[in-house]
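# Results of the structural survey
Take a look at the letters that make up each chain.
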Amino acid sequence: MTFLIVYINIFFEVLSFAIMARIILSWFQGMQPSRLYLFLVDTTQPVMSLAQKVTPRIGILDFSPIVALLGLEIARNIILGLMTGQFF
């Protein structure tokens, strides 16, 4: 059981870091057609598309990565809470 908890923690951490790396690389126009950036987009797009649906865009500002990171943290806490019995 602890292996599964560790695996879930690592999964959510890697996904969070991938979203942060995608944000940082999006600031540099030369990096966007790179393989690394395309890999990050493909990896994080399911989470980001959900966040973009619930987050309105305000001008040129996009708050969906923040919503995605918060959503991932909430999902991790719920999943781990249910697995360890500390949720209720």
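Here we summarise the structure given alongside this text. (Residues numbered from 1 in each chain as written. Predicted model: local features only at pLDDT ≥ 70, side-chain atom pairs only at ≥ 80, totals over all residues. Heavy atoms only, no water.)

In terms of regular secondary structure, the protein is built from 3 helices and 0 strands. Helices and strands in the protein line up, N terminus first, as α-α-α. By principal-axis analysis of the C-alpha atoms, the protein measures approximately 45 × 30 × 15 Å. Counting over 88 residues, the protein shows a buried share of 27%. Within the protein, contacts between residues separated by at least 24 positions form 49% of all contacts whose residues are at least 6 apart in sequence. (Helix = DSSP H or I, 4+ residues; strand = E, 2+ residues; numbered from the N terminus. Buried < 20%, exposed > 50% of the residue type's maximum accessible area, 1.4 Å probe, protein only. Contact = heavy atoms within 4.5 Å.)

What follows covers the environment of glutamine 29. Checked against the element boundaries, glutamine 29 lands in the loop between helix H1 (2-26) and helix H2 (35-54). Residue class for glutamine 29 comes out exposed when judged on its relative accessible area of 61%. Considering only alpha carbons, one finds glutamine 29 and methionine 83, 54 residues apart in sequence, at a separation of 42 Å.

Let's shift gears to a nonpolar patch on the surface. On the surface, Ile58, Ile60, Leu61, Phe63, Ile66 and Leu70 cluster together to form a nonpolar patch covering roughly 630 Å² of accessible area. Along the polypeptide, phenylalanine 63 turns up in the loop between H2 and helix H3 (64-84). Note on phenylalanine 63: relative accessible area 35%, which makes it partly exposed. (Patch = residues over 30% accessible without salt bridge, like charges linked within 9 Å, V, L, I, M, F, W, Y side chains within 5 Å. Areas by Shrake-Rupley, 256 points an atom, 1.4 Å probe, with all protein chains shown as cover. Salt bridge = Lys/Arg side-chain N within 4 Å of Asp/Glu carboxyl O.)

Inspection of the secondary structure assignment puts alanine 75 in helix H3. Residue alanine 75 is classed as partly exposed on the basis of its relative accessible area of 29%.

Right, let's get into H2. Under the 1.5 Å per step criterion, the end-to-end length of H2 is 29 Å for 20 residues, consistent within 8% with the ideal 28 Å. All of the buried residues along H2 are Tyr37, Leu40, Val41, Thr44, Val47, Met48 and Ala51. Against the buried residues of H2 lie H1 and H3. (Expected span 1.5 Å × (residues − 1).)

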